[in-house]
Amino acid sequence: MYVISTVFVAYLIFSSIEELSTWIALLWIVILFAGTNASINSFRKESGRQFYYYYSLCSPQAIILSKMVFNALLLLCISALSYVLFTLLLGNPIENLNLFLLVLFLGTLGISTVLSLSSAIASKTNNNATLTAILSFPIMLPTLLTAIKASMLCGLGLGWEDCQVYLLTLALLNLVVIVLSYILFPYLWRS
Amino acid sequence: MRNWWKVAAIILLIYTVIGGFLVAVPKQVILYESIRNLYFHVPMWFSMIFLFLMSVVNSIKNLSSNELKYDIRAKELVNTGIIFGILGTITGSIWAKFTWGAWWVNDVKLNGSAITMLIYLAYVVLRGSLDDEQKRARIAAVYNIFAFVLLLVFIGILPRMTDSLHPGNGGNPGFNNYDLDNNMKLVFYPAVLAWILLGWWIASLKIRMSNLKQNSIE
């Protein structure tokens, strides 16, 4: 719903976007905010009794990994939806499509993993929703900037050789975030 | 003598200020005398990174031992680091105004420093929203480690991939190249050491104050 309404607003304002950079910026902004909205709730539901049930049931590593998988799938759905809507309503200026989809995949994955741990941290406090945004935005920016640069290059139709560095950086960032969450989450869980 | 490093910090700082303003510097187009800012602007960032690094070390110790004293250290190191970050931004901004003609430009390194500040302000906000001490210590430590590692990846990789006005990128030589002559090195390296020592000193004073406050509450 969130995605559809924002894309529709963008469509009403621009009707058709000539410039590549505007298109890409809008797409990532929509994905970022829709994704944040979606995954803020991912830990809030577990603050009550369910929390203790899970606690007795399985290890914290299993929980954070499953949360990340769930968030990743959710955000991938969101970004796929927004990409399809963008293409339908605003046209598709991307030249190198396969590579762009890969960038979209990696970028969304990066956003979702950062959001998972941030919302886990924020769920331990009282003002959950605001804090998730405050905590996650600065550490998401590296991923986001790399993804935007890479999608610009794909949009211009450049090939694998030119985007390689950015894609590797995105993959590396993903890996770092996943490993860190895996190591650090048990300490959060214990409290 | 236990406090020899504080004496060393004072002597080195005096040396930095006197040497920084008086020792001859190479004449460079555009830069001219503003090159002396090198002794103040660059060490600010070095000290900031050093303080944040020490803070992360204390956060790791806190997670492994659950002792509150490490949490206090981590907190005050971050606070001191933020002061140095602000000073670094101000000196950099003044330098940019005189060499590039603007207070702020859209540039990888400048954005990196802005993101750094945002991350640590978020850390302060996170601490502010938690009341229970043990819980706050653990959660803040988790965020501190998480943010610092991502930050290292960010400032370690991204600036190397893009062009930049800032020295050290995109064809602009860094300060370790030919434009830093021996005279400048003689001042620059002690300056770095001096500012780091000063940062450490301020942080240790703040840590002692926090500890005293903590004790008086108990």
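What you see is a predicted model; the values in this text were computed from it and never measured.

A few words on the overall build of chain A. Assigned secondary structure in chain A consists of seven helices and zero strands. N-terminal to C-terminal, the α/β element order of chain A is α-α-α-α-α-α-α. For chain A, the residues scored as buried account for 45% of the 191 residues in total. Sequence-distant contacts, at least 24 apart, represent 84% of the contacts inside chain A between residues at least 6 apart.

Moving on, we come to the overall build of chain B. When you go through chain B residue by residue, the secondary structure sums to six helices and zero strands. For chain B, the sequential pattern of α-helices and β-strands runs α-α-α-α-α-α. Looking at chain B as a whole, 35% of its 218 residues qualify as buried. In chain B, the proportion of contacts linking residues at least 24 apart, taken out of those at least 6 apart, comes to 75%.

In this section: the interface of chain B and chain A. The extent of an interface is frequently quoted as the accessible surface area lost upon association of the parts. Taken together, the 24 residues of chain B in the interface contact 25 residues of chain A. For the side of chain B that touches chain A, the secondary-structure elements that each account for two or more residues are α4 (108-128) and α5 (133-161) of chain B. Take the side of chain B that touches chain A: its biggest share by element is 15 residues, from α5(B). Grouping the amino acids of the side of chain B that touches chain A by side-chain chemistry returns 21 nonpolar, one polar and two charged.

Residue and element names in this part refer to chain A. Interhelical geometry of helix α2 (residues 20-40) versus helix α4 (residues 60-90) gives an angle of 145° and a closest axis separation of 10 Å. Considering only the axes of α2 and α4, their crossing is right-handed. Residue-level contacts link W23, L27, V30, I31, A34, G35, A38 and S39 of α2 to N71, L74, L75, I78, S79, S82, Y83, F86 and L90 of α4. The residue inventory of the contact of α2 with α4, partitioned by class, reads 12 nonpolar, five polar and no charged.

Looking now at helix α3 (residues 68-99) of chain B. Compared with the 46 Å implied by 1.5 Å per residue over 32 residues, the 46 Å span of α3(B) between its first and last C-alpha is a close match. A positive backbone phi angle near 90° is found at B:G101, which sits one or two residues after α3(B).

A word on unusual backbone geometry. You will see that B:N66, though not glycine, has its phi angle at about 65°, which is positive. With respect to the element layout, B:N66 can be found in the loop between α2 (38-65) and α3.

The end-to-end C-alpha distance of α2(A), which contains 21 residues, comes to 30 Å, matching closely the 30 Å that a straight helix rising 1.5 Å per residue would cover. Among the residues making up α2(A), those that are buried are A:W23, A:I24, A:L27, A:W28, A:V30, A:I31, A:L32, A:A34, A:G35, A:T36, A:S39 and A:I40.

Keep in mind that low pLDDT regions are not for reading the predicted coordinates in detail. Residues and elements named next belong to chain B. Taken as a whole, chain B shows an average pLDDT of 79; of its residues, 82% reach a score of 70 or greater. Long-range and interchain partners of residues 169-173, a stretch whose pLDDT sits below 50, account for 10 contacts in this model, where long-range means more than four residues apart. Scored as a complex, the prediction yields pTM 0.80 and ipTM 0.77.

So, about the environment of B:L197. Residue and element names in this part refer to chain B. By secondary structure assignment, the location of L197 is in helix α6 (residues 182-217). The spatial distance from the C-alpha of L197 to the C-alpha of N66 is 28 Å, given a sequence separation of 131 residues. Other than its neighbours up to four places away in sequence, L197 contacts W5, A8, A9 and L12.

When pLDDT is averaged across chain A, the result is 79; 86% of the residues are at 70 or more. Considering each helix and strand of chain A separately, the mean pLDDT is smallest for helix α3 (residues 49-57) of chain A, with a value of 68, and largest for helix α5 (residues 97-122) of chain A, with 85.

Let us now look at the environment of B:I202. All names here are of chain B. One can find I202 in helix α6. The exposure class of I202 is partly exposed, given the 18 C-beta atoms found within 10 Å. Through-space distance from the C-alpha of I202 to that of G112 is 25 Å; in sequence the pair is 90 residues apart.

Before going further, it helps to spend a moment on the packing of α2(B) against α3(B). Residues and elements named next belong to chain B. Where α2 contacts α3, the two axes come as close as 8 Å, and the packing angle between them is 160°. Taken together, the axes of α2 and α3 lie roughly antiparallel to each other. In this structure, the crossing between α2 and α3 has a hand that is left-handed. Within the contact of α2 with α3, the residues separate by chemical class into 14 nonpolar, 13 polar and three charged.

Definitions and cut-offs
- Residues numbered from 1 in each chain as written.
- Chains lettered and ligands numbered in written order.
- Predicted model: local features only at pLDDT ≥ 70, side-chain atom pairs only at ≥ 80, totals over all residues.
- Helix = DSSP H or I, 4+ residues; strand = E, 2+ residues; numbered from the N terminus.
- Buried ≥ 20, exposed ≤ 12 C-beta atoms within 10 Å, placed from the backbone.
- Contact = placed C-beta atoms within 7 Å.
- Nonpolar A, V, L, I, M, F, W, Y, C, P; charged D, E, K, R; others polar.
- Axes fitted to C-alpha atoms, helices over the stretch in contact; angles between N-to-C directions.
- Left-handed = near helix turned anticlockwise from the far one by under 90°.
- Expected span 1.5 Å × (residues − 1).
- pLDDT = per-residue confidence, 0-100.
- Parallel < 35°, antiparallel > 145°, perpendicular 65-115°, else oblique.

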